[in-house]
Each structure stands twice: as structure tokens, then as C-alpha cells.
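# Observations on the model geometry
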Amino acid sequence: MDGHEFIEFGTAMLKYITEYMDTLRDRKVLPDVKPGYLRDLMPTHAPEKGESWKNIMADLEPVIMSGITHWQSPNFHAYFPTGNAYPSVVAEMLSAAIGSVGFSWISSPAYTELEIVMMDWLGRMLDLPKQFLHEESNRKGGGVIQGSASEATLVALLSARSRTIKKTILNNPHLSEGEIMSKLVAYSSDQSHSSVEKAGMLGGVKMRLVKADKNLRLPTVELEKVIEEDIANGLIPFYVVATLGTTNSLAFDPLEKIGNISEKYDLWLHIDAAYAGTAFVCEEFRYLNKGLEKAHSFNFNPHKWLLINYDCAGLWLRDVEDVVDALAVENPVYLAHTTRSDDFRNYQIPLGRRFRSLKLWFVLRIYGVLQIQEHVRRQVELAKEFEKLVLSNPEFEIVTPVIMGLVCFRLKGESNGMNERLLEIINARRYIHMVPAVLHGLYTIRFVICNQYTNSNDVANAWGEIQAAKQILRVSDGNNNKKLLY
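The following refers to the structure shown.

Criteria and cut-off values
- Residues numbered from 1 in each chain as written.
- Predicted model: local features only at pLDDT ≥ 70, side-chain atom pairs only at ≥ 80, totals over all residues.
- Heavy atoms only, no water.
- Pairing = 2+ DSSP bridges.
- Helix = DSSP H or I, 4+ residues; strand = E, 2+ residues; numbered from the N terminus.
- Axes fitted to C-alpha atoms, helices over the stretch in contact; angles between N-to-C directions.
- Contact = heavy atoms within 4.5 Å.
- Salt bridge = Lys/Arg side-chain N within 4 Å of Asp/Glu carboxyl O.
- Buried < 20%, exposed > 50% of the residue type's maximum accessible area, 1.4 Å probe, protein only.
- 1 Å grid on protein atoms, 1.4 Å probe; cavity = no way out; pocket = protein on both sides within 12 Å on 5 of 7 lines; lining within 4 Å.
- Points joined across faces, edges and corners; volume = space filled by probe spheres on them.
- Nonpolar A, V, L, I, M, F, W, Y, C, P; charged D, E, K, R; others polar.

### Topic: the sheet that holds strand β11 (residues 442-448)
Across the sheet, four strands lie side by side as β8-β9-β11-β10; this open sheet has antiparallel pairing. Edge positions in the sheet fall to β8 (396-398) and β10 (435-439), since each has one partner strand and no second. Within this sheet the neighbouring strands show an average axis-to-axis angle of 40°, counted without direction. Helix α12 (residues 357-391) contacts β8, β9 (406-411) and β11 of the sheet and is inclined by roughly 15° relative to β9. The strands touched by helix α13 (residues 416-429) are β8, β9, β10 and β11; relative to β11, the strand with the most contacts, the crossing angle is about 30°.

### Overview of the sheet that holds strand β7 (residues 313-317)
The seven strands are arranged β1-β7-β6-β5-β4-β2-β3 in an open sheet whose pairing can be described as mixed. The open sheet has two edge strands with one neighbour each: β1 (142-146) and β3 (206-210). Averaged over all pairs of adjacent strands, the angle between their axes in this sheet comes to 20°, without regard to strand direction. Here strand β5 (residues 268-272) runs beside strand β6 (residues 297-300); their pairing, made up of three bridges, is parallel.

### Structural notes on the pattern of salt bridges
Scanning all chains against the criterion turns up 24 salt bridges. Among the ionic pairs, Glu 385 bridges to Arg 378, the shortest N-O distance being 3.5 Å. Note on Glu 385: relative accessible area 26%, which makes it partly exposed. Salt-bridge contacts for Arg 429 lead to Glu 465; the nearest nitrogen and oxygen are separated by 2.4 Å. Placement of Arg 429 in helix α13 and of Glu 465 in helix α14 (residues 456-478) is noted, with a sequence separation of 36 residues between them. Accessibility classification places Arg 429 together with Glu 465 in one group, the buried group. Beyond isolated ion pairs, a larger network of salt bridges with shared partners links Glu 92, Asp 311, Arg 354, Arg 356 and Lys 359.

### A word on empty space enclosed by the protein
Any empty space left between the atoms is revealed when a probe the size of a water molecule rolls over them. One pass over the full model with this rule turns up one cavity of 30 Å³ or more. What the largest cavity holds in volume is close to 70 Å³. Along the wall of the largest cavity there are 14 residues; nearest its centre are Thr 82, Gly 83, Leu 307, Cys 450 and Gln 452. Where the lining of the largest cavity is concerned, the elements lending two or more residues are α10 (302-305) and α12. Residues belonging to the lining of the largest cavity are distributed by class as follows: five nonpolar, eight polar and one charged.

Laid out in C-alpha cells, this is it:
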């Protein structure tokens, strides 16, 4: 393909993408396909001779779009948001065209230089403590882009593990690294993201998931009790994860108290604010992160609520040397260079790096802080609108406080089975999409404001769809639970 064909193909694709975005409300959110559907639509071998790009465009709808769950639909209310603002999409185009692999400063200086500046921009937008900023931390702290919160949690855990092993060997030279590893213990709430438990598994350490309190938060009295028991049993506590905005219910762990415990027992404190962290661009939500200065690492995902498309997860560190000590390996000759600078390959699991900071630069310049604040506040208002609709119907109840863009609700006084069947009906109709959570043993439906273009009419239509599904459920229940007709 030459430049002329690229312009034709690219122009056609830009038009297709724009039309797709403009007509998302007309598409059902969930696809109606079965596993393996695509194999029957494809030839068994790659073509011997190349095809026209027009053939690919013609195949997009029947082959690809027929199997897409439309995350960017205003009727998508599952999981948490993932952004795709147009400036972010355009930045991805340029990044792909540049085609560098930014594992070191010299491999593409702009990759590293822009990332340093963008992480400081973001840090100041969220009013992070200065210890986390490149420019204002006397070069001890700073931010780096990871692929996901899962990676950020693992990187922080590996850094804490390395720090603790070195400290323990210094004080107990008779212990081997293997002996110390077998004694290490990390802590979090049982409401923390599954990636926290997975980080413990991948890091080869014990992970204590402390049962959440009645507010679905990490209980500090119980946490300290478990830590004391582990110390008495000869174990070594070293790492604790505080979640600001759990996936299940958007609960906020008591950060300041957890920070005090981490200082008392010399634990690395990592903060997972993957979704809710974006809200800290608004001053009225910052009361929820009181105690942030006690953390060793902090993560939030711009690719969730900050309009950036996946992947772009921010990780800020109090002392970057802890990460470098844990993850850096001796440079092979082909990676060596004489420039004194940050090599972000030493801040992450993989070697290669994409130009993800370009997306931040485009989006932050085109939208500006004020418009991003407006975006967050408007989505919280829409969640409050949905909360009012739920509260207006005595057949439903709100399960947890509505703080940001998540509303947890259920059929009041009904069994878990009835609520599960209600959600099955809703998703089977495919007009809107939601996922569940189990909170204190109650099957709960999560309604999230996800798309930047979702409006009050979309919220009202979603509530209408829930009412329609409820009527189907009541009819089916009245017919002795016969097969539901959607």
C-alpha cells in the first residue's frame, strides 16, 4: 500500500468510525453470537495474493461488528468506563505511524520526555503530594505509565518485596532470600480488585484478604490484629493495598488510618484508585483521598474516566529507586547509552513501551482541565438522576451510597435468584448492559455511567428497559417460572 492508497483507506476508515460513533444508540449493546461464530465467516487460510482495502471495509459489519460489545454506547452501563475521545484516537494514529519502541531514552527521547511532563501534569491536576512529581520531588519520586492497574499493583508489590528482602537480610544476614520470601505477607480487603490477589500469586507471597466491614471497607482494627498475629507467627508483613473506589461498590478504604498502620509496621502502602482517581481533578472529591501523602505508590487509570482510550494507567512512586532496584537488569550492550536519564523499561514488567503519553497530551490540550472537571461532574449528576428513579419505585432499593458514577440497586425484598434472573432478562434483550456484584451476600445490579455522550434521556430509557424486564420477570414468575420470552 502506498501513500495515496493509505489516504483513501484512512479517509474511508475515519468516515466509518465517525458514523459508528454517531449511530451507537441505534445498535444493541450486546452481540447475538455464539463462541466460534467467526470461524465460519472466515476462509481457512490467509490469502495468497493481497486484496483491496475495500474488501476489508465491506467485511467489517458482518464479520467484526456482529461480534462487538459496544463499550462506547451510551447504553453501556457495565464494569467501569473506558475512554475513546477523538483526540485520543488521533494520537493513537500518530503513535502507530511513528512506530518506535520506547524502551530507553535514546530509543525515542520524546517518548520519555513527554511522559515525564504528562505525569506531572496529571499529578498536579489531581493535587497529588509533591513527593510523587518528577519536577518537585528532588528526583526521588515520579510517575510512569503502565498498561493497567493490574500491572501497577504488581510492580508496586515487587518493589516492596525487593525493598523488604534487602532490609531483612541487612538485619538478619543468616537468612537466605528464599527463607525471607516464604515469610512475606501482603494485605488488602476482600473487596479489592482480583488483580490484587493475582499480584500476590505472581509475586510468590502470601496475600491476606481481610473481610470488609459493614461499609465494605478494609477494617483497620482487624487489619492490625491480623498483622500482629502474623508477626507473632514469625511472618514478615511488607505490603498493604488500600482501594479508593472498589469495583464492586465504589467503597473507599479509610486511607489515613491505613497509612498510620503502614508507618507503624513499615509496610509499603499502595493505593488503587483505578476508576475513582479521575474524580480527584474536582476538589469536592478530594476528601476521599485524605492521607495520600503516607502512600509509597498511587495508581489511577486515565483510560477509564479521563477520556483516554485503553491502555493508559498512571503509577506514581514516592521513590523510583525502589522500582529500579526491583526490576532493572544489567544492560546488554545493545541497550546501553551514555545519556543520563530515566529509562522507563526499568519501571515496568515488559521491555518495550508504546507512546501512550501522546494520548494524554492531545486530550489534555484539547479539552483542558475545566472541561474534564465538567465531564466528571456531569456523569456524577447522571448517576444521581438514576438513583432518584430507583428510589421513586418501592419495588427497588439502593444498596450502597451513590458517590460517583456507580449505582448499586436490586429488587427490594426479593431473593438473589430473582435479582439474577432480572439481570439475565435485561442483558438478553441487549438494549442495555449491566453486570452484578454480591455485597454482604446480596446479589446486586451495578449501573454505571460510562460513555461521555450519555445523557438524561439515556438514563431514563435505561430505567424504562429495567421496568420492562421487571414486567417480564413478574409474568414468568406468575407462570410457574416457565421459559422466559425476551
